[in-house]
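One letter stands for each residue in the lines below.
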Amino acid sequence: MTSGVGYTRDVFLWGISGIYLMAFASLYVQIPGLYGENGILPAKLVLQEKIDSIEELLDGAPTLMKLTPRLGLNAQGGMDLLCLTGMLVSFLSLIFSGARDTVAYTLLWMLYLSLYQVGQTFLWFQWDILLLETGFLAIIVAPFNLQLPKKWRMSPYHQHDSITLWLVRWLLFRLMFASGVVKLTSKCPTWWGLTALTVHFESQCIPTPLAWWWHQLPVWFLKLSCVATYVIEIPIPFLFFSPFRSMRIFAFYSQLILQILIILTGNYNFFNLLTIVLCISLLDDEHFKYKTERQSSWLVRIINTLASALVYGYIGYQTCHLFSLKINLSPSFSVTSSTAFSQPQFTAWLDWVVPWTMTLGAVSLGYEVIMAVYRCMMEKKAMQWRLVSVVQCVLFGAVSAGMLGISMVPLSYLSNSSYSSVPTVFRNVHAKFEPFQMTSSYGLFRVMTGVGGRPEVVVEGSDSLEGDWQEYEFMYKPGNLSRTPPVVAPHQPRLDWQMWFAALGSYQHNTWFVNMAYRLLQGQPEVLQLLQHNPFPGQPPKYIRATLYHYHYTQNNGQEWWVREKKNEYFPPVEKDNPSLVQYLKHAKILEDDEDTKGKLEGKKRPRQSSYTHRFVTFIRMFIGQPDGFRFIMSLLAAALLIKIYNKYFW
């Protein structure tokens, strides 16, 4: 008797390896312009010069970047080294099953956590946090693969695999349930009015070409799609813990369809692919045809059918009731929908259901542990090996119980009255380990932005205040009205994403934006490589300014995809030597003193011989150059796929 999820576990770990490769490669091509010495937000701002003890290494934000000065590397070189190491380990893990072990995933998690801690605002996205939590769970899920003598070597598959994979399923539940709930707890009028998707496809950060077409769909269909989103994200995740396999598979395909639709209409880097990888925990070896399907008795099949009909019927009835669904056949087919419950009613329901989700998690985990122990005792092995398997199940059950308890803290944030119900010991442990991002709270798209037009900041340069202002064109975000929306995922252009957030606020709250303007005035090559078009190829402009526009999709897909209207000045015209600009950057510690004077002083210093590590990362950087992020990631994935195919069929 086996756990029935050994192959499923391998597929999950293989998927995580691919996600890590995408994340490291995407970040690597952007490091010079974002975090270099002359980048937009230098990593040196959050790093100590040198550490002398383990206590200093763990003090504050834990990151391996604190060790890189000992290798003769500056901040950019250190980030390069960590990214290259992460790319190598994830690439090998993607190809060789033997490389997918606890050691590899521990290293990958430490590397990405180290980059996250110095990445500042460009790495503070929910998918980065989600990757860290998933990566930590991968350490628990992965086998040890100890190279013991053959006599003592154990199978890489264990009965406790179902326990550790349950943690992945619990994370998926928290992610999806929270994503649905926060849309209503935010009190956003578009989510409550079911009109969010009439705005979303136009206002999202980097839409795809299909987003334009989806935006043109009838309003009633988009409102119905909003209802479907609520159903997939709030009630269906409870089916993740159903004792009936068919319900879990139904839940898997429901989530899969949602993620594929998001991928088709929006560029959300590796986030949706990571969510799909999490969904693998809902499957088993039978679904992959890796194991012969069990023949259930007629009684079990009848109970399964009746239970499924009852559950699906209840969800359907409540959906029609809570959203007042009504089919209209004239004058044309449509389905009307509206929210039929109030905010106080939803809050009361949430206060009731969140504690029950914690109970559900505890009961479901307990069931998995008991069943794993039972399978251990039923194995056809010597008694001592069965006892070893039981001990392993108990051990991993205890670890999983601890992770469940810690994760209850961020889950309780969904309800104001639920936080106090979490045991104090779990709250204290969560607070102590919070810097390690082992478990976090989630909630995407809680407020729909861009109602009345998506705000876009257009950066311009000129050699005269009265002269002709030329626009800088960013890589992927909307700017040029006639440029086709790109397909860039799983690459994340982090500058383009932050420009989207900057347009929702002001430059006073985005220090990096001011420094970006200063680097453009300098004509800094590293920063210009993050842009698609530099209107001043010869020498940088004398002045830089930024204007806020509102963009809208065109009604007819002709030569232009967008129309725009000017709203107001976002960033006033400045020149490089503007005293206020220089003082602002000095106050932010981005500029320490006059750069020209500093350069002259450094020129008089005796050059220090670079380390072998520094020469290595510099050579790799020069060899790779500045490739397009999407093509770079696709090239690495294609290479890994070809090598894997060759090893399987021709080696």
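See the structure printed just above.
Residues numbered from 1 in each chain as written. Predicted model: local features only at pLDDT ≥ 70, side-chain atom pairs only at ≥ 80, totals over all residues. Heavy atoms only, no water.

**Student:** Give a detailed account of the overall build of the protein chain, specifying residues and quantitative values.
**Tutor:** Along the backbone of the protein chain there are 24 helices and eight strands. Its C-alpha atoms give the protein chain a radius of gyration of 27 Å, within 12% of the compact-globule value 26 Å for 651 residues. Counting only C-alpha atoms, the protein chain reaches 85 × 75 × 55 Å along its principal axes. Every one of the 651 residues in the protein chain was classed for burial, and the buried ones make up 52%. When contacts within the protein chain are restricted to residue pairs at least 6 apart in sequence, long-range pairs at least 24 apart make up 77% of them. Carbon and sulfur atoms provide 63% of the accessible area of the protein chain, an area that totals close to 30600 Å². (Helix = DSSP H or I, 4+ residues; strand = E, 2+ residues; numbered from the N terminus. Rg over C-alpha atoms; globule rule 2.2 N^0.38 Å. Buried < 20%, exposed > 50% of the residue type's maximum accessible area, 1.4 Å probe, protein only. Contact = heavy atoms within 4.5 Å. Areas by Shrake-Rupley, 256 points an atom, 1.4 Å probe, with all protein chains shown as cover.)

**Student:** Give a description of the packing of helix H7 (residues 161-185) against helix H15 (residues 343-378) that names residues and reports values.
**Tutor:** Direction vectors running N to C along H7 and H15 enclose 170°, while the axes themselves pass 10 Å from each other. By the criterion of interaxial angle, the relationship of H7 to H15 is roughly antiparallel. Grouping the amino acids of the contact of H7 with H15 by side-chain chemistry returns 15 nonpolar, five polar and three charged. (Axes fitted to C-alpha atoms, helices over the stretch in contact; angles between N-to-C directions. Parallel < 35°, antiparallel > 145°, perpendicular 65-115°, else oblique. Nonpolar A, V, L, I, M, F, W, Y, C, P; charged D, E, K, R; others polar.)

**Student:** Can you lay out the pattern of salt bridges for me, pointing to particular residues and giving the numbers?
**Tutor:** Enumeration according to the criterion identifies 15 salt bridges in this entry. The salt bridge involving Asp 161 is made with Arg 9; its shortest N-O contact spans 3.4 Å. Of this pair, Asp 161 sits in helix H7 while Arg 9 is found in helix H1 (residues 6-28), placing the two residues 152 residues apart along the sequence. A relative accessible area of 1% means that Arg 9 is categorised as buried. (Salt bridge = Lys/Arg side-chain N within 4 Å of Asp/Glu carboxyl O.)

**Student:** Before we move on, can you summarise H1 with the specific residues and values?
**Tutor:** With 23 residues, H1 extends 33 Å between its outermost C-alpha atoms, agreeing within 8% with the 33 Å of an ideal straight helix rising 1.5 Å per residue. In terms of burial, H1 is largely enclosed, as 21 of its 23 residues are buried. (Expected span 1.5 Å × (residues − 1).)

**Student:** A description of the sheet that holds strand E3 (residues 454-462) should follow, citing residues and the corresponding values.
**Tutor:** Strand pairing in a sheet relies on backbone hydrogen bonds, with the paired strands running either antiparallel or parallel. Across the sheet, four strands lie side by side as E4-E3-E7-E8; this open sheet has antiparallel pairing. Strands at the two margins of the open sheet, each flanked by one partner only, are strand E4 (470-471) and strand E8 (562-575). Of the strand pairs in this sheet, E3 and E4 are connected by two bridges, and their pairing is antiparallel. When the sheet's bridge partners are listed, Glu 460 is paired in E4 with Glu 471. (Pairing = 2+ DSSP bridges.)

**Student:** Give a detailed account of the nonpolar core, specifying residues and quantitative values.
**Tutor:** Of all hydrophobic cores here, the largest spans 192 residues; its most connected members are Phe 12, Val 459, Leu 495, Trp 512, Phe 513 and Met 516. A total of 16 residues in this core trace back to one element, the largest contributor, which is H7. Setting aside its immediate chain neighbours within four residues, Trp 512 contacts Ile 40, Leu 41, Thr 121, Phe 122, Leu 495, Gln 498, Met 499 and Ala 502. (Core = buried A, V, L, I, M, F, W, Y, C linked by side-chain atoms within 4.5 Å.)

**Student:** Can you break down the pairing of E3 residue by residue, with the values?
**Tutor:** In terms of burial, E3 is a largely internal element, nine of the nine residues being buried. Side-chain alternation along E3 places Arg 454, Glu 456, Val 458, Glu 460 and Ser 462 on one buried face and Pro 455, Val 457, Val 459 and Gly 461 on a second face that is also buried.

**Student:** Lay out the packing of aromatic side chains in plain terms, naming residues and giving numbers.
**Tutor:** Counted according to the given criterion, the structure contains 51 aromatic pairs. Look at Trp 212 and Trp 213: their rings are 4.8 Å apart centre to centre, the planes differ by 80°, and that puts the pair in the edge-to-face class. For Trp 212, a relative accessible area of 3% puts it in the buried group. Here Trp 213 falls in the partly exposed class, since its relative accessible area comes to 49%. Between Trp 214 and Phe 221, the ring centres sit 6.3 Å apart and the planes meet at 55°, which makes this aromatic pair tilted. (Phe/Tyr/Trp six-rings, centres within 6.5 Å; stacked < 30°, edge-to-face > 60°.)

**Student:** With reference to specific residues and values, describe the environment of Pro 344.
**Tutor:** As for its placement among the helices and strands, Pro 344 is situated in helix H15. Considering only alpha carbons, one finds Pro 344 and Pro 62, 282 residues apart in sequence, at a separation of 42 Å.

**Student:** Go over a nonpolar patch on the surface, please, and point to the residues and values.
**Tutor:** Taken together, the side chains of Leu 210, Trp 213, Ile 257, Ile 260, Leu 261 and Leu 264 make up a nonpolar region of the molecular surface, amounting to roughly 550 Å² of accessible area. Where the nonpolar patch is concerned, the elements lending two or more residues are helix H10 (209-215) and helix H12 (245-265). Sort the elements by how many residues they give to the nonpolar patch and H12 lands first, with four residues. Among the secondary structure elements, Leu 264 is positioned in helix H12. (Patch = residues over 30% accessible without salt bridge, like charges linked within 9 Å, V, L, I, M, F, W, Y side chains within 5 Å.)

**Student:** I'd love a proper account of the environment of Val 514, names of residues and values included.
**Tutor:** Checked against the element boundaries, Val 514 lands in helix H19 (residues 511-522). Residue class for Val 514 comes out buried when judged on its relative accessible area of 2%. In this structure, the C-alpha to C-alpha distance between Val 514 and Gly 119, residues 395 residues apart in sequence, is 18 Å.

**Student:** So, the side chain of Asn 269: which residues are in play, and what are the values?
**Tutor:** Of note, Asn 269 is situated in the loop between H12 and helix H13 (271-279). Classification of Asn 269 as buried rests on a relative accessible area of 3%. At 3.2 Å, the side chain of Asn 269 and the backbone nitrogen of Phe 271 are in polar contact. Excluding residues that lie within four positions of it along the chain, Asn 269 makes contacts with Trp 127, Ala 489, Pro 490, His 491, Gln 492 and Trp 497. (Polar contact = N/O pair within 3.5 Å; in protein donor to acceptor, adjacent residues only side chain to side chain.)

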